[in-house]
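Residue strings, one per chain:
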Amino acid sequence: MPSFQHLLLKQLLVAAAVPLARRKPSVGAIRLAMEAGALFQFMPWKVNLESFKLDNRLEAEWLRPRAAHATRVLLYLHGGGYVLGSLNTHRSLVGSLAQRTGLNVLTINYRKAPDHPFPAALDDARRAYRWLLRQGHQPHDIVVGGDSAGGGLALALLLALRDAGEPLPAAGIGLSPWTDLNLPTAALRRVAREEALLLEALQMRTWGPLYAHKTALSHPLLSPAQADLHGLPPLLIQISTAEVLYDDVLKFADKARAAKVSVVVQPFEGLVHWWHLFWRVVPEARQALDQVAEFLVDIWAAQVASPVRLPVVAGRTAARRRAA
């Protein structure tokens, strides 16, 4: 059963959904509100921030925890439906991931729709990955991850690298990833009332087409669930049973397993989309981020044991949980 803190969060979302539905805010207004909300999200202790321009053109940040691993890194792509989100809105979450995983994390402010439709975000993600390689990081020391649309973008990056014959990272992580831009109407009816209200208020069904622009929503680099998934590295996917994306994520995971990809799916009961962002107040978010750290320990332990990638067993605890 979800925690009291999460139940309170759901009630706040319901309260916000009604006025949003009446006003139908523009993308610009929602962006401004998210940036304002980010002012109250603080970085975890003992995580250093370095801002810079990647290739002198792309806003980026390194989040470096004390005693970080010398060579291993996480490339993190923030969520926001390909139209929202920024370095500011996700800095606290990414900092918490850096702290828990003991990794230096690179995050980028990729270009957003509608000003920059597909493939702009994917091109920026690929630019960041190639930059890491040029900095001397080995593919087997890199993990790619993201939340929501950022999770879908991380999966699309893996597909694009595979199709181009480029070296793949050690693993991919999707926190409630958006795997199919065709949001299913049936799922909108089935999921928790709180999330359906908020998504409709924010007009989320319009965001996928804004990003796709003139490209079909079924394009595999827009909707990884439509892709041939062979040859991908091990994947971790976390999803709530109450999310609109739940059914699509399960179908994606089944398809990946059928293609001989190692996939760990960690379901959480009855939580709202983006619960990870509220890690300071929602205990299920801290649990989820700890499980990401455990997955990565297992991934690199398997590499040490054998040069061949091995299946990862869900639920195995191989690292002590780091304090929030």
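In what follows, the structure referred to is the one given above.
In what follows, the accompanying structure is described.

Cut-offs and rules
Residues numbered from 1 in each chain as written. Predicted model: local features only at pLDDT ≥ 70, side-chain atom pairs only at ≥ 80, totals over all residues. Heavy atoms only, no water. Salt bridge = Lys/Arg side-chain N within 4 Å of Asp/Glu carboxyl O. Helix = DSSP H or I, 4+ residues; strand = E, 2+ residues; numbered from the N terminus. Buried < 20%, exposed > 50% of the residue type's maximum accessible area, 1.4 Å probe, protein only. Polar contact = N/O pair within 3.5 Å; in protein donor to acceptor, adjacent residues only side chain to side chain. Expected span 1.5 Å × (residues − 1). Pairing = 2+ DSSP bridges. Axes fitted to C-alpha atoms, helices over the stretch in contact; angles between N-to-C directions. Right-handed = clockwise from strand over helix to strand, strands pointing away. Phe/Tyr/Trp six-rings, centres within 6.5 Å; stacked < 30°, edge-to-face > 60°. Lys NZ or Arg CZ within 6 Å of the ring centre and 35° of its normal. Parallel < 35°, antiparallel > 145°, perpendicular 65-115°, else oblique. Left-handed = near helix turned anticlockwise from the far one by under 90°. Contact = heavy atoms within 4.5 Å. Nonpolar A, V, L, I, M, F, W, Y, C, P; charged D, E, K, R; others polar. Core = buried A, V, L, I, M, F, W, Y, C linked by side-chain atoms within 4.5 Å.

**Brief notes about the pattern of salt bridges**
Inference 1: Summed over all chains, the structure comprises 11 salt bridges.
Inference 2: Between R134 and D55 there is a salt bridge whose closest N-O contact spans 2.7 Å. On the criterion of sequence distance, the pair formed by R134 in helix 4 (residues 120-134) and D55 in the loop between strand 1 (47-54) and strand 2 (58-65) is long-range, its members being 79 residues apart.
Inference 3: Since its relative accessible area comes to 28%, D55 is described here as partly exposed.
Inference 4: Of the charged contacts, one joins D123 and R126 as a salt bridge, the two residues approaching to 3.2 Å between their closest N and O atoms. With D123 and R126 both in helix 4 and 3 residues apart, this pair spans about one turn of that helix.
Inference 5: Since its relative accessible area comes to 18%, R126 is described here as buried.

**A few points about the side chain of H90**
Inference 1: Following the sequence through the fold, H90 ends up in helix 3 (residues 87-101).
Inference 2: Take H90: its relative accessible area is 1%, and that puts it in the buried class.
Inference 3: Polar side-chain contacts of H90 include one of 2.9 Å to the side chain of T89.

**Re helix 4**
Inference 1: In this model, helix 4 (15 residues) spans 21 Å end to end at C-alpha, consistent with the 21 Å of a helix rising 1.5 Å per residue.
Inference 2: Within the sequence span of helix 4, burial applies to A120, A121, L122, D124, A125, R126, A128, Y129, W131 and L132.
Inference 3: Directly beyond the C-terminal end of helix 4, a positive phi value near 105° is found at G136.

**Some points on the sheet that holds strand 6 (residues 171-175)**
Inference 1: Judged by pairing direction, the sheet is mixed, and its 8 strands sit side by side in the order 1-2-4-3-5-6-7-8 without closing on themselves. Each having just a single partner strand, strand 1 and strand 8 (263-268) make up the two edges of the open sheet. Neighbouring strand axes in the sheet, compared pairwise and without regard to direction, differ in orientation by 20° on average.
Inference 2: For strand 3 (residues 73-77) and strand 5 (residues 142-147), the ladder comprises 5 bridges, and the chain directions are parallel. Bridging from a neighbouring strand, L77 pairs with G146 of strand 5.

**Concerning the pairing of strand 3**
Inference 1: Most of strand 3 sits inside the fold, with 5 of its 5 residues counted as buried.
Inference 2: Burial of the side chains of strand 3 extends over both faces: V73, L75 and L77 are buried on one face and L74 and Y76 on the other.
Inference 3: Note that strand 3 and strand 4 (residues 104-108) share 4 bridges and pair parallel. If you follow Y76 over to strand 4, its bridge partner there is T107.
Inference 4: For the handedness criterion, the β-α-β arrangement of strand 3, helix 3 and strand 4 is classed as right-handed.

**Topic: the packing of aromatic side chains**
The description of an aromatic ring pair rests on the distance of the ring centres and on the angle between the ring planes.
Inference 1: Enumeration according to the criterion identifies 6 aromatic pairs in this entry.
Inference 2: With a centroid separation of 6.4 Å and 45° between ring planes, the pair formed by W62 and W131 is classed as tilted. Note that W62 is positioned in strand 2 and W131 in helix 4, a separation of 69 residues in sequence.
Inference 3: Taking the centre distance of 5.8 Å and the plane angle of 85° together, the rings of F118 and Y211 count as edge-to-face. Here the residue F118 occupies a position in the loop between strand 4 and helix 4, and Y211 occupies one in helix 8 (residues 207-212), the gap between them amounting to 93 residues.
Inference 4: What makes Y211 buried here is its relative accessible area of 1%.
Inference 5: Here a set of aromatic residues connected by ring pairs shows up, and it is made of Y82, F118, W178 and Y211.
Inference 6: Between R64 and the ring centre of W62, over which it is positioned, the NZ or CZ distance is 4.4 Å.
Inference 7: The positively charged end of K112 is found above the aromatic ring belonging to Y110, 4.6 Å away from the centroid.

**Notes on the packing of helix 3 against helix 10 (residues 283-305)**
The relative placement of two packed helices comes down to the angle between their axes together with the axis-to-axis distance.
Inference 1: It is at 9 Å that the axes of helix 3 and helix 10 come closest, and there the two elements cross at 45°. On the basis of the axis angle, helix 3 is oblique to helix 10. For the element pair helix 3 and helix 10, the recorded crossing hand is right-handed. Residue-level inspection shows L93, S96, L97, R100 and T101 of helix 3 in contact with helix 10, the latter providing R286, L289, D290, V292, A293 and L296.
Inference 2: Residues belonging to the contact of helix 3 with helix 10 are distributed by class as follows: 6 nonpolar, 2 polar and 3 charged.

**Quick word on the nonpolar core**
Inference 1: In this structure, L106, L122, L153, W178 and Y211 are the most contacted members of the largest nonpolar core, which totals 99 residues.
Inference 2: Looking at this core element by element, the count peaks at 10 residues for helix 5 (residues 149-163).
Inference 3: The contact partners of W178, leaving out residues within four places of it in the chain, are G81, Y82, S148, A149, G152, L183, M204, W207, G208, P224 and L245.

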